[in-house]
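# Tertiary structure, described
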Amino acid sequence: MSLPLEGRSAIVTGAGRGLGRAEALELARLGAAVVVNDFGQPGRDGSGAASATPAEEVAAGIRAAGGRAVAHTGDVADHQQARELVELAVAEFGQLDILVNNAGILRDRMVFSMSEDEWDSVIRVHLKGHFNTTHFAAAHWRARSKAADAPVYGRIVNTSSEAFLAGSAGQPNYAAAKGGIVGLTTSTALALAKYGVTANVICPRARTRMTADVFAGFQEPAGDGAEDRLDPLAPEHVAPLVGYLASPAAAQVNGQLLVVHGGMVAVVERPRVAVKFDTKQDAFTYDELDALLTPHYADRPTGETFAAAEVLGLKHE
């Protein structure tokens, strides 16, 4: 019996550690040949010297288990290095079928304290990094589709965050980048559907190097047999969804946002129009808007915004 991703090739960015590593291993387990990308800087804020070791160790592990993998240690936020990443996948495996964008950094600060560099660096790695790889992968699939005069196989899985959905007060750069990734994903899904490509976005929650302090209060399994139970915040809870979205089984899943962690997957609906007001004149006046909108918001719960903080309460039942 063949594996779901047998004969397919994949790129996973930020795959030297944490979520990306778990995702790369899962794609390989499902049969894909994998380009393991990681710039290898030790600091979660993108600090420290780049290192080839994280990507090479994951790639070596996949090969040792009988899979096919190569390492790429470039910076996906650099346009040319992102091009080289896609070119490497094509050169090594003949074509690219799957792109999983995961690379990112954190530089948390309240909006009134955040520096320009803290803003720019996070937007660059997350949002521009997602764009760069998507751009070159999309061009590859479009060219192949035109040459074949038929749709091809293409899957994009992007990584957003509950910080975007819930509105994380101390992460304006990160929340903005993750919101931008959702917009990039839905636009890409519509643009590439005719070529046979799907694009979806996940909001994962996991205990990794980047989130060690965030989840410090969430205990790992304890008691008898704890060593045999998976940490509810382990990245391995997220990886199977990435494998599914990368597979032929998910051909009808496109432009979707899913929250995933701890044995739970939640499909998030697109925004809905709550209420609509029409002017009774040629154009709204201040007084008319005051008469319509002020009473509408007067009865809303204090502190309620467009942010969907309730997603933070989702858990496996």
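It should be noted that the structure appears before, not after, this text.
Scope of this entry: the structure provided in the associated data block. For clarity, every value in this text was computed on a predicted model and none was experimentally measured. (Residues numbered from 1 in each chain as written. Predicted model: local features only at pLDDT ≥ 70, side-chain atom pairs only at ≥ 80, totals over all residues. Heavy atoms only, no water.)

### Comments concerning the pattern of salt bridges
- Inspection of the entire model under this criterion finds nine salt bridges.
- Linking Asp117 and Arg107 is a salt bridge whose minimum nitrogen-to-oxygen distance equals 2.9 Å. Of this pair, Asp117 sits in helix H4 (residues 116-148) while Arg107 sits in the loop between strand E4 (98-100) and H4; the two residues are ten residues apart in sequence, bridging distant segments of the chain.
- Between Glu162 and Arg205 there is a salt bridge, and its shortest N-O distance comes to 2.7 Å. Of this pair, Glu162 sits in helix H5 (residues 162-166) while Arg205 sits in the loop between strand E6 (197-204) and helix H7 (239-245), and the two are 43 residues apart along the sequence. The pair formed by Glu162 and Arg205 is uniform in burial state, with each residue classed as buried. (Salt bridge = Lys/Arg side-chain N within 4 Å of Asp/Glu carboxyl O. Helix = DSSP H or I, 4+ residues; strand = E, 2+ residues; numbered from the N terminus. Buried < 20%, exposed > 50% of the residue type's maximum accessible area, 1.4 Å probe, protein only.)

### Regarding the environment of Phe131
- In this structure, Phe131 sits in helix H4.
- Assessed through its relative accessible area of 38%, Phe131 is described here as partly exposed.
- Sequence-wise, Phe131 and Asn200 are 69 residues apart; in three dimensions their C-alpha atoms are separated by 14 Å.
- Ignoring any residue separated from it by four or fewer positions in sequence, one finds Phe131 in contact with His79 and Leu184. (Contact = heavy atoms within 4.5 Å.)

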